[in-house]
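# Coordinate inspection notes
Here is what each chain is made of, one letter per residue.
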Amino acid sequence: MVEDVEFIRQGLCLGQLDILGHSFGGILAQSYAVAYSANVKSLLLVATASSIRSVNADLQRVKESAAPATRLRLEALEALGIYGPDGAQRPEYRQLADEALMPYIYINKTPTPSFPTYDLGWDVMRDLWGGDSEFEASGDVRGLDLVPELRTLTIPAIVIYGDHDIVRDATARETNAALKGSTLVRLAHCAHEVYVDQPEKFLEAVEEFLSLSREKTVPLESHTTNKSNSMDIINTDLYDLGDAVARARHIEAARSQLAKTGSAAIPDFVRATALASMVEEAKAEFGHAHRREMELGFNAKDELMLADPLLLARKSPYRMSSLGSDLLAESGALKRLYRSQDLIEFIREIVGVATLYSTTDPLINATVTYMGDGDQQGWHFDDNDFVVSLLLQSPDSGGNFEYVANATTLPQSEINEILDGQSELTRRLVPQPGTLLLFRGRKALHRVAPVSGSRLRIIALLSYDTSPDFVYAEQVRLNALGRTGSTVA
Ligand SMILES: O=C(O)CCC(=O)C(=O)O
């Protein structure tokens, strides 16, 4: 199919193309862009996916949400074989599959269901998609995963989908994260046929994207969240992430520090002007931060979850104030840095994971904590994979970051010593303002030692996860921010 597109491009003497692909067409558009990137000016991906893994997860959700009787009958027909002797899908199966799919196809303009007798190339469909179920692609497309190759592209791209789409948030975010600098647009009240359900909003997004991508000097910016250009924030004098050699050197240095010590400190990562604006932003919101004074357990993980109940019951003090992410402006330096694909890709390569995403949690994605005299944050493991901290302001003294890497597999006696402040494994860091600090908070037992003096310790905490749809438990939001919803209580 990719070769067919190229054949048509050449046959029509077209130059570089703006390619828009919807649904399966989007998979074809991505495959073409990967094979012929030099021929693609921009990529518009609508209600689509970048891996069959995600397609199958999307379809599974659709099937699971069908009425129980429909689902049972679909499965019974699947066991019998969904293709009839005429080589087409059995009409009853096709009708039930359409019924299950319909709420995800249109929500505004549901056409009168007529269930036409499909006159398609069933043989092609069967080879390509598979013959066992409409809800699992198991034919030739099985195993297709464009994500690694999409990461190598530098083509301007937009990913559009609906909030009622077959395509789940996680699927759209997978594509958005893979395509450097791409824009993500989630249309409200809109299902899979986005151009039918929300034609005006769809066209507006497409037109704005095309006009921005034509003005080469204007950085692409999202309708929603992904400000792509953060080079005015990152200190490119020291960290020129646009230069492949320099970038690889920084990644290697941080990676080896992480492997040796369980954390990687990247000093002066943000420009002095950006740091000053982040401090100002954080100070301006201090009055809205949630104050907590409580004792909490250390949130045991992995093997430690089976530890002695007495150890699990050990608590440490939390005295601090935290600002929810919803109170930081999306256009501010902190949020822009947090959401920047430049930063996310940089961290992803340092920590050596296949995928890394900002969290979809509305309250805990980029947060700020403030600690005054006597404040501290008790020993704990994090729920998400990676927290990256950026110290904004040092206190007069104290407030060191203490941690023990890979603590989830330590003997219980060692955990007791860590909690008692007696373990020799504990490392202490005194971060400086502007230092980006990476640590595997899910595996490292860590705390912030008591602060002293009148000057606040102010730190930004940027949460990332290898899964695109990570959100924190309500109890975590309640403990940290005193609320679970996005308005101040
Ligand atoms: O404030 C810090 O330095 C560390 C914060 C922390 O422990 C966390 O985010 O889990």
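For every chain, the first residue of the written sequence is number 1, and numbering continues from 1 along that sequence. This being a predicted model, a pLDDT of at least 70 is required before a residue's local features are given, and a value of 80 or more before pairs of side-chain atoms are given or counted; all residues contribute to the totals for chains, interfaces and linings.

## Things to note about helix α3 (residues 52-64)
The terminal C-alpha atoms of α3, which comprises 13 residues, lie 18 Å apart, in line with the 18 Å expected from a rise of 1.5 Å per residue. Residues with at least 20 neighbouring C-beta atoms inside 10 Å of their own are called buried, those with 12 or fewer are called exposed, and the rest are partly exposed, where every C-beta is derived from the backbone. For the purposes of this entry, the term helix denotes a DSSP run of H or I that reaches at least four residues, the term strand denotes a run of E that reaches at least two, and both are numbered from the N terminus. Of all the residues in α3, the buried ones are I52, S54, V55, D58, L59 and V62. The arc that holds every buried residue of α3, seen down its axis, measures 160 degrees, which confines them to one face. Where α3 is buried, its residues touch α5 (91-105) and α8 (169-178). Here the expected span of a helix is defined as 1.5 Å times the quantity of residues minus one. Arc definition: it is the arc formed by the directions from the helix axis to the C-beta atoms. Distance between backbone-placed C-beta atoms decides contact: two residues are in contact if it is within 7 Å.

## Digging into the confidence of the model for the protein chain
One number per residue, pLDDT, summarises how confident the predictor is, and it ranges from 0 to 100. Across the protein chain, the average pLDDT comes to 90, with 94% of residues at 70 or higher. Between residues 216-228, whose pLDDT stays under 50, and residues either more than four places distant or in other chains, the model counts 34 contacts.

## A word on the nonpolar core
We define a nonpolar core as a collection of buried residues of the types Ala, Val, Leu, Ile, Met, Phe, Trp, Tyr and Cys that are connected via C-beta atoms lying within 7 Å of each other. Of all hydrophobic cores here, the largest spans 117 residues; its most connected members are I160, I347, L438 and A460. Sequence-distant contacts of A460, that is, excluding residues within four places in its chain, are made with M278, L334, A366, V368, S389, L390 and L392. Judged by nonpolar contacts, the second largest core, of five residues, contains L363, I364, A480 and L481.

## Describing the site of the ligand
Near the ligand you find T369, Q377, D382, V387, S389, F401, G441, H446, V448, I459 and L461, and these make up its full shell. Elements represented by at least two residues in the shell around the ligand include exactly β11 (386-393), β16 (445-448) and β18 (457-465). When residue character is reported, Ala, Val, Leu, Ile, Met, Phe, Trp, Tyr, Cys and Pro are called nonpolar, Asp, Glu, Lys and Arg charged, and the others, Gly included, polar. Class assignment for the residues of the shell around the ligand results in five nonpolar, five polar and one charged. Here is the check we use: build the C-beta atom from the backbone, and if it is within 6 Å of the molecule or strand, call the residue near.

## Regarding helix α12 (residues 272-284)
For α12, spanning 13 residues, the distance from its first C-alpha to its last is 18 Å, which sits close to the expected 18 Å at 1.5 Å a residue. Among the residues of α12, those classed as buried are A274, L275, M278, E281 and A282. One side of α12 holds all its buried residues, which, seen down the axis, span an arc of 125 degrees. Opposite the packed face of α12, turned more than 90 degrees from it, sit the exposed residues A272 and T273. If you follow the buried residues of α12, they end up packed against α14 (333-339), β9 (366-371), β11 and β18.

## A word on the domain arrangement of the protein chain
Once the domains are mapped, the protein chain shows domain 1 (2-51 + 145-214), domain 2 (54-129) and domain 3 (244-481). Computed from C-alpha coordinates alone, the two centres of domain 1 and domain 3 are separated by 35 Å. Across the contact, seven residues belong to domain 1 and eight residues belong to domain 3. Each domain's extent is set by a domain assignment, obtained either automatically or from a database.

## Examining the environment of G374
The residue G374 is located in the loop between β9 and β10 (377-380) in this model. Residue class for G374 comes out exposed when judged on the 12 C-beta atoms lying within 10 Å of it. Ignoring any residue separated from it by four or fewer positions in sequence, one finds G374 in contact with R319 and P450.

## Description of the packing of helix α11 (residues 244-261) against helix α15 (residues 341-351)
Remark: α11 packs on α15, axes separated minimally by 8 Å, with the N-to-C direction vectors making an angle of 50 degrees. Between α11 and α15, the crossing angle belongs to the class labelled oblique. Seen along the crossing, α11 lies across α15 with a hand that is right-handed. Listed contacts from α15 to I251, A254, R255 and L258 of α11 are F346, E349, I350 and V351. Classifying every residue of the contact of α11 with α15 by side-chain character gives six nonpolar, no polar and two charged. Here, axes are lines fitted to C-alpha atoms. For helices the fit covers the stretch in contact, and angles between N-to-C directions go from 0 to 180 degrees. In this scheme, roughly parallel covers angles under 35 degrees and roughly antiparallel covers those over 145, while 65 to 115 is roughly perpendicular and the rest are oblique. By convention the crossing between two helices is left-handed if the near helix lies anticlockwise of the far one by an angle smaller than a right angle, and right-handed if it lies clockwise.

## Notes on the pairing of β16
Burial along β16 is two-sided: L445 and R447 facing one way and H446 and V448 facing the other are all buried. Both strand β13 (residues 401-404) and β16 contribute to a ladder of four bridges, which runs antiparallel. Paired with Y403 across the strands is H446, a residue of β16. Whether two strands pair depends on DSSP finding at least two bridges between them.

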